Amino acid sequence: MGPHPVLPQGSPLIKRITIAIDGPAGAGKSSVARKVAQDLGYTYIDTGAMYRAVAWLGLQHAVPLEDEVGTVELARTAAIRFAPAPDGPQRVYANDTDITEAIREPEVTRLSSPVSAISGVRKLLVAQQQSLGSEGGVVMEGRDIGTVVFPNAQVKVFLTASEEERARRRWLEMQGRGQTADICDVQAQIRERDQRDSSRADSPLCAAQDALVIESDGVPFDAVVRRILDAAAEHSGDLAE
Ligand code: DC
């Protein structure tokens, strides 16, 4: 075996490690993380969905953002749960309501960023994320996974792309969901969200010092996945029999 062991697709690793994937909006984290998890037989956890769930609950219960105590209470009492779906993305539930599609609506997207800046909300969700990943064998994506949630994750990836490319991908995603949007507006919203997520006091978006930084403009999806699988193979010690 060479210096960079290559993991055959679908092979389990000997150790069930933790893979943290962070990066800004629209960098492609979800599709990459989902594929890496699928190839390794790991659990995929989309932590952004948890912040979105709290934003969605705020809208449902008419709790405004300014009411931080009320918003933290929503996060404390919400039973946020993920369930695998045989064909398609994993389903997200809040108090037994399937909110998978609802949390992708533009209004929820817009509110999720200020909701995620509330320290009390972060504290509760980070604890839940740590518990979800406590056994290893997870691919967790978000903004602070390698820095705060699992600072000892064996593999940390910071996945990014130019603002234009990220806006283009988000716009295409929205088209696919039947949402109409102007691409320039999408880019402006991405810029605003990145700015807020990167400048908040608590756990701002930032690459961990030891993260593998992948700039994905022009890099094929499979090549990004491959780099992460290779890093996983290196960090897990070896391949399973
Ligand atoms: O990844 P996403 O777009 O679904 O995330 C929704 C919001 O939640 C986004 O504005 C950043 C925030 N977030 C966060 O602060 N920390 C995480 N670990 C994940 C998401």
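Below is a summary of the structure that appears in this document.

Reading the values: rules and limits
- Residues numbered from 1 in each chain as written.
- Predicted model: local features only at pLDDT ≥ 70, side-chain atom pairs only at ≥ 80, totals over all residues.
- Heavy atoms only, no water.
- 1 Å grid on protein atoms, 1.4 Å probe; cavity = no way out; pocket = protein on both sides within 12 Å on 5 of 7 lines; lining within 4 Å.
- Points joined across faces, edges and corners; volume = space filled by probe spheres on them.
- Helix = DSSP H or I, 4+ residues; strand = E, 2+ residues; numbered from the N terminus.
- Near = heavy atom within 4 Å.
- Polar contact = N/O pair within 3.5 Å; in protein donor to acceptor, adjacent residues only side chain to side chain.
- Areas by Shrake-Rupley, 256 points an atom, 1.4 Å probe, with all protein chains shown as cover.
- Pairing = 2+ DSSP bridges.
- Contact = heavy atoms within 4.5 Å.
- Axes fitted to C-alpha atoms, helices over the stretch in contact; angles between N-to-C directions.

1. Observations concerning empty space enclosed by the protein
Move 1: Per the stated rule, a full pass over the model turns up one cavity of 30 Å³ or more.
Move 2: Counted as a void, the largest cavity has a volume near 30 Å³.
Move 3: Taken together, Asp22, Gly146, Thr147, Lys156, Val157, Phe158, Cys206, Ala207, Ala208 and Ala211 make up the full set of residues lining the largest cavity.
Move 4: Elements that contribute at least two residues to the lining of the largest cavity include exactly α6 (145-149) and β7 (155-160).
Move 5: For the lining of the largest cavity, the leading source of residues is β7, giving three residues.

2. Topic: the site of the ligand
Move 1: Taken together, the neighbourhood of the ligand is formed by 16 residues, with Arg52, Arg122, Arg143, Asp144 and Arg200 sitting nearest.
Move 2: One of the side-chain N or O atoms of Asp197 is found 3.0 Å from an oxygen atom in the ligand.
Move 3: Arg200 has a polar side-chain atom sitting 2.8 Å from an oxygen atom of the ligand.
Move 4: Burial of the ligand by the protein amounts to 98% of the accessible area it has alone, namely 440 Å².

3. Describing the sheet that holds strand β4 (residues 91-94)
Move 1: In space, the three strands of this open sheet follow the order β3-β4-β5, with antiparallel pairing throughout. A single partner strand is all that each edge strand has here, and the edge strands are β3 (80-83) and β5 (97-98).
Move 2: The sheet contact formed by β3 and β4 spans four bridges and is antiparallel. Residue pairing across strands places Ala83 opposite Arg91, the latter belonging to β4.
Move 3: Taken strand by strand, helix α2 (residues 47-60) contacts β3, β4 and β5, and its axis lies near 130° from that of β3.

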